[in-house]
Amino acid sequence: MTPTRAALPVASAFGVDIGGSGIKGGPVDLATGRLAKGRERIATPQPATPAAVAATVAELLGRFEVPEGTPVGVTFPAVVHHGVARSAANVDSSWIGTSIEDVVGSALDRPVHAVNDADAAGYAEVRYGAAAGTRGVVLVVTLGTGIGTALIADGRLVPSFELGHLEIDGVDAETRASSAAREREGLSWQEWAERLQRYFGVLEDLLSPDLFVVGGGVSKQADQFLPLLDLRAPIVPARLRNAAGIVGAAALAARAAGKAVTA
């Protein structure tokens, strides 16, 4: 059965979150940061080559009525430099050195703005989520299989600010402080919090942020570990959860296209 195509509101952009297991997306109301007409999800093709992923993104957009000129943003699980993938986490290695914007844009026959997935989620939290209205430096940290980070200074994203791989005490930080490390080693909340304290303490000494925002699935249990941390800056859980990548991709695409993004 062909899905019903939903019309977009006027002040909107379209966001697509490309992941290793699923590609999800939907239109975003730029005034509120909410999904305007719900979202759709399609399994990531295997192998996740550029052509296969681009075709899946085109299929996803085809489920909505997306007017010409609507900004389209896509997240990608890699270091993204001016729209080009410089790494390939959980997707095919043929992405390395490939322009995400060219490949996906050609499949859609429209311009595309590509960003790192953590950058998109972080920007969304600053525009519409837990850090909305915060002035100064905000550091958004996602704790999951690895550690993703996004740095936003006075509302401006500093792209590809990868701090999950900081070497701390001679060890790659995410191998000890990610949510996956807690589960793999069977750590108690207190034991994991001690590792997080060391990690966030180093980040704070380096960057002196005005606010930390913690995302990732484990943020749903933030009350189990955030109160155990002793930092100078406030630290709060993310609010947008699974929608953050879609919302951030849409908002960044609108900004890149010169469209107004208000919150």
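Residues numbered from 1 in each chain as written. Predicted model: local features only at pLDDT ≥ 70, side-chain atom pairs only at ≥ 80, totals over all residues. Heavy atoms only, no water.

1. Details of the overall build of the chain
Assigned secondary structure in the chain consists of 7 helices and 17 strands. Computed over the C-alpha atoms, the radius of gyration of the chain is 18 Å, within 12% of the 18 Å expected from 2.2 N^0.38 for a compact globule of 263 residues. Structurally, the chain occupies a C-alpha span of about 50 × 40 × 35 Å along its principal axes. A total of 263 residues make up the chain; the buried ones form 52% of that total. Taking as baseline every contact in the chain between residues at least 6 positions apart, the subset at least 24 positions apart corresponds to 62%. When the accessible surface of the chain is summed, it comes to about 11800 Å², and 48% of that surface belongs to carbon and sulfur atoms. Averaged over its 23 positive side-chain charges, the chain has a centre that lies 6 Å from the centre of its 28 negative ones. (Helix = DSSP H or I, 4+ residues; strand = E, 2+ residues; numbered from the N terminus. Rg over C-alpha atoms; globule rule 2.2 N^0.38 Å. Buried < 20%, exposed > 50% of the residue type's maximum accessible area, 1.4 Å probe, protein only. Contact = heavy atoms within 4.5 Å. Areas by Shrake-Rupley, 256 points an atom, 1.4 Å probe, with all protein chains shown as cover. Lys, Arg positive; Asp, Glu negative; His and termini not counted. Charge placed at Lys NZ, Arg CZ, Asp CG, Glu CD.)

2. Comments concerning the layout of surface pockets
The computed volume of the largest pocket comes to approximately 1300 Å³. Lining the largest pocket are 42 residues; nearest its centre among them are Asp117, Ala118, Thr142, Gly144 and Thr145. If you list the elements that add at least two residues to the lining of the largest pocket, you get strand E2 (12-18), strand E3 (22-29), helix H3 (117-128), strand E11 (137-143), strand E12 (147-153) and helix H7 (244-256). Among the elements that line the lining of the largest pocket, the one with the most residues is H3, at 4 residues. Here the second largest pocket is characterised by a volume of approximately 250 Å³. Lining the second largest pocket are 14 residues, with Val80, His113, Ala114, Val115 and Pro159 positioned closest to its centre. Going through the elements one at a time, strand E8 (80-81), strand E10 (113-116) and H7 are the ones with two or more residues in the lining of the second largest pocket. When residues of the lining of the second largest pocket are assigned to their parent elements, the largest contribution, 4 residues, is made by E10. (1 Å grid on protein atoms, 1.4 Å probe; cavity = no way out; pocket = protein on both sides within 12 Å on 5 of 7 lines; lining within 4 Å. Points joined across faces, edges and corners; volume = space filled by probe spheres on them.)

3. Concerning unusual backbone geometry
With omega at 0 degrees, the peptide bond leading from Gln46 into Pro47 counts as cis. For Pro47, the location among the structural elements is in the loop between strand E5 (40-43) and helix H1 (50-61). One non-glycine residue, Ser160, adopts positive backbone phi at about 55 degrees. The residue Ser160 is located in the loop between strand E13 (156-158) and strand E14 (167-168) in this model.

4. Section: the sheet that holds strand E16 (residues 211-215)
Strand-to-strand pairing in sheets goes through backbone hydrogen bonds, with the strands running parallel or antiparallel. Pairing is mixed in the open sheet, where 5 strands are placed in the order E13-E12-E11-E16-E17. Two strands in the sheet have a free side with no partner beyond their single neighbour: E13 and strand E17 (235-237). If you compare each strand with its neighbour and ignore which way they point, the axes differ by 25 degrees on average. Where E11 and E12 come together, 7 bridges link them in antiparallel fashion. Within the sheet, the bridge partner assigned to Leu139 lies in E12 and is Leu151. Where H3 meets the sheet, its contacts fall on E11, E12, E13 and E16, and the angle it forms with E12 comes to roughly 45 degrees. (Pairing = 2+ DSSP bridges. Axes fitted to C-alpha atoms, helices over the stretch in contact; angles between N-to-C directions.)

5. Some remarks on the pattern of salt bridges
This structure, assessed with the given rule, holds 7 salt bridges. With a shortest N-O distance of 3.3 Å, Lys24 and Asp17 are connected by a salt bridge. In this structure, Lys24 and Asp17 share a single accessibility class: buried. Two residues, Asp169 and Arg198, come together in a salt bridge whose shortest N-O distance is 2.9 Å. A residue pair is termed long-range when its members are at least 10 positions apart, and Asp169 in the loop between E14 and strand E15 (171-172) and Arg198 in helix H6 (residues 189-207) qualify at 29 residues. Classification of Asp169 by relative accessible area gives exposed; the value is 58%. Given a relative accessible area of 43%, Arg198 falls into the partly exposed group. Through salt bridges that share partners, Glu40, Glu59 and Arg63 make up one connected network. (Salt bridge = Lys/Arg side-chain N within 4 Å of Asp/Glu carboxyl O.)

6. Points about the environment of Pro159
You can see Pro159 is positioned in the loop between E13 and E14. Put simply, Pro159 and Ala43 are 116 residues apart on the chain and 27 Å apart in space, counted from C-alpha to C-alpha.

7. Notes on the side chain of Asn116
Position of Asn116 among the secondary structure elements: in strand E10. With relative accessibility at 4%, the residue Asn116 sits in the buried group. For Asn116, the side chain forms a polar contact with the side chain of Asp117, separated by 3.4 Å. Asn116 has contacts with Phe76, Ala78, Val79, Val80 and Glu162, leaving out every residue within four places of it along the chain. (Polar contact = N/O pair within 3.5 Å; in protein donor to acceptor, adjacent residues only side chain to side chain.)

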